[in-house]
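Next come the chains, spelled out residue by residue.
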Amino acid sequence: MPRPSLRHRPFGTTPDGEAVELWRLESPSGSYAEILTYGGVLHALGVPDADGRARNVVLSLPSLDRYAEKSPYLGAVVGRFANRIAHGRFVLGGTAHHVPVNDRGHALHGGPGGFDTKVWRASPVVDGDTAALRLTLRSPDGDMGFPGTLDVTATYSLDAAGTLALEFTAVTDRPTVVSLSNHAYFNLAGDGEDVLGHTLQVDGTRFLPVDPDGIPLGPLQDVTGTPFDLTGPQQLRVRLESDDDQLREAGGYDHCWVLAEGESGPLRRAARLTAPARARVMEVWTTAPGLQVYTANLLDGSLCDADGRPLRRHGAVCLETQHLPDAPNRPAFPSAVLLPGTTGRRRTEFRFPRRQRHPEH
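Residues numbered from 1 in each chain as written. Predicted model: local features only at pLDDT ≥ 70, side-chain atom pairs only at ≥ 80, totals over all residues. Heavy atoms only, no water.

Caption draft 1: Fine view of the overall build of the protein chain. Of the regular secondary structure elements, the protein chain holds 3 helices and 30 strands. Rg of the C-alpha trace for the protein chain: 19 Å, near the compact-globule value of 21 Å for 361 residues, within the 12% margin. Principal-axis analysis of the C-alpha atoms gives the protein chain an extent of 60 × 50 × 40 Å. When each of the 361 residues of the protein chain is scored for burial, the buried share is 57%. Long-range contacts, defined here as pairs at least 24 residues apart, represent 65% of the contacts in the protein chain between residues at least 6 apart. (Helix = DSSP H or I, 4+ residues; strand = E, 2+ residues; numbered from the N terminus. Rg over C-alpha atoms; globule rule 2.2 N^0.38 Å. Buried < 20%, exposed > 50% of the residue type's maximum accessible area, 1.4 Å probe, protein only. Contact = heavy atoms within 4.5 Å.)

Spelled out as structure tokens, the structure:
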């Protein structure tokens, strides 16, 4: 019986002269994943539809130059801290730390030199029915203002059923804060159109309202009676057309749902995304305490994919498993602190149940 396989090829050189590789993982199911050593980017994810035809279901760019110059985190591993830290400042152990701001006066996804801009070291792993790519990165003490030398591993794996898993581990030599995530933009139709016809279900009953800068306003809010109630499948078009100040200010969803009370938990389903008609279904399973849903509100058509198609507003949806935004400044939130002698772990799986051959009604 065929097994998953790996192969790789060059993908250009950074302005600093670092060689970048593209690794391709292939599954007997017909699925494939392409990963760049630059930024740990999930460059492509091929998923068969009900008729067995695989299409790439994540937004991507045609060249390394496009990723390095203009990418809005397309497919990247983001860190040290995914999402926002208010004013780029947090206090840990009585000492104030400052992360360079890069988003409306706040630090987003680890600052302007975050993990999405680094070239990771890659090593292939083949274990039975799973092919995996292990990426490693050392972030030195003081990198983007964060304390402690941090050693990070991000392992992408693709099994015979076509499930793509991403597992993070991190260790530090000083107390620090860590929240790692992947910033893939999903469009399960794979046709270059918008995702407004997709339906989304999020398995969380509370979310974080935010101010105009995307910083949490305060207490968690129950989703009941709001456009953020996605406890059952909801068409994105209907929800995004709701008359709601939070949606209006952000231009769509750019909000975090709470999945768990603690900093981590057992692997559990966080979301289910469904494309119209005979396309694809994706379930997101994770151990993370939060899920940031972002409906690509700021894509404006100035970037094009490898087929020359403009990447436009609401052309995809991000489902980012992570700690809650601004957690280093919010004692009531699950802690994002990592201590020496411990290993931070996080696992997320993207599962693709096979669709029936008849369209939905």
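Further notes follow.
Caption draft 2: Fine view of the packing of aromatic side chains. Under the criterion given, the structure shown has 9 aromatic pairs. Centre to centre, the rings of F115 and W120 are 6.0 Å apart; their planes meet at 90 degrees, and the pair counts as edge-to-face. Residue classification places F115 among the buried residues on the basis of a relative accessible area of 1%. When its relative accessible area of 3% is taken as the criterion, W120 is described as buried. Measuring from ring centre to ring centre gives 6.2 Å for Y185 and Y294, while their planes differ by 75 degrees; the resulting arrangement is edge-to-face. Taken together, the residues Y185 in strand β17 (residues 185-186) and Y294 in strand β25 (residues 290-294) connect sequence positions 109 residues apart. Under the relative-accessibility criterion, Y185 is labelled buried at 2%. By relative accessible area, which is 9% here, Y294 ends up buried. Taken together, the ring pairs in this structure connect F207, F228, Y253 and W257 into an aromatic cluster. Across the ring face of Y32, the terminal group of R24 is positioned such that the distance to the ring centre comes to 4.0 Å. Looking at R351, its charged tip hangs above the ring of W285, at a distance of 4.0 Å from the centre. (Phe/Tyr/Trp six-rings, centres within 6.5 Å; stacked < 30°, edge-to-face > 60°. Lys NZ or Arg CZ within 6 Å of the ring centre and 35° of its normal.)

Caption draft 3: Just the pattern of salt bridges, in detail. Inspection of every chain in the model, using the stated rule, returns 22 salt bridges. We note a salt bridge from R351 to E349, for which the minimum N-O separation is 2.8 Å. One network of salt bridges, with partners in common, ties together R7, R24, E26 and E34. (Salt bridge = Lys/Arg side-chain N within 4 Å of Asp/Glu carboxyl O.)

Caption draft 4: Expanded view of the layout of surface pockets. Its volume calculated, the largest pocket comes out at about 610 Å³. As for the largest pocket, its lining consists of 32 residues, and the residues nearest its centre are R84, R104, D254, Y294 and L298. Elements supplying a minimum of two residues to the lining of the largest pocket: α3 (245-250), β25 and β26 (300-304). Taken together, the residues of the lining of the largest pocket break down into 12 nonpolar, 10 polar and 10 charged. Around the second largest pocket, the lining is made up of 24 residues, and of these V58, L59, G192, D305 and R309 lie nearest the centre. Of all the secondary-structure elements, those providing two or more residues to the lining of the second largest pocket are β4 (42-48), β5 (54-56) and β27 (310-312). No other element matches the 3 residues that β27 contributes to the lining of the second largest pocket. In the lining of the second largest pocket, the residues fall into 7 nonpolar, 7 polar and 10 charged. (1 Å grid on protein atoms, 1.4 Å probe; cavity = no way out; pocket = protein on both sides within 12 Å on 5 of 7 lines; lining within 4 Å. Points joined across faces, edges and corners; volume = space filled by probe spheres on them. Nonpolar A, V, L, I, M, F, W, Y, C, P; charged D, E, K, R; others polar.)

Caption draft 5: Structural detail: unusual backbone geometry. Cis geometry is adopted by the peptide bond preceding R80, which originates at G79 and carries an omega value of 10 degrees. With phi around 65 degrees, Y73 is a residue other than glycine that occupies positive phi space. Locating Y73 in the fold gives a position in the loop between α1 (64-70) and β6 (77-78). Within the chain, D326 stands out as a residue other than glycine whose phi angle is a positive 60 degrees.

Caption draft 6: Representation of empty space enclosed by the protein in the model. Per the stated rule, a full pass over the model turns up 2 cavities of 30 Å³ or more. Space inside the largest cavity adds up to approximately 80 Å³. Residue composition of the lining of the largest cavity, by class: 8 nonpolar, 3 polar and 4 charged. Considered as a void within the structure, the second largest cavity measures approximately 40 Å³ in volume. Around the second largest cavity, the lining residues are L166, F168, S181, N182, L319, T321, T348 and F350. Elements that contribute at least two residues to the lining of the second largest cavity include exactly β14 (164-172), β16 (181-182), β28 (317-322) and β30 (344-351). Split into classes, the residues belonging to the lining of the second largest cavity amount to 4 nonpolar, 4 polar and no charged.

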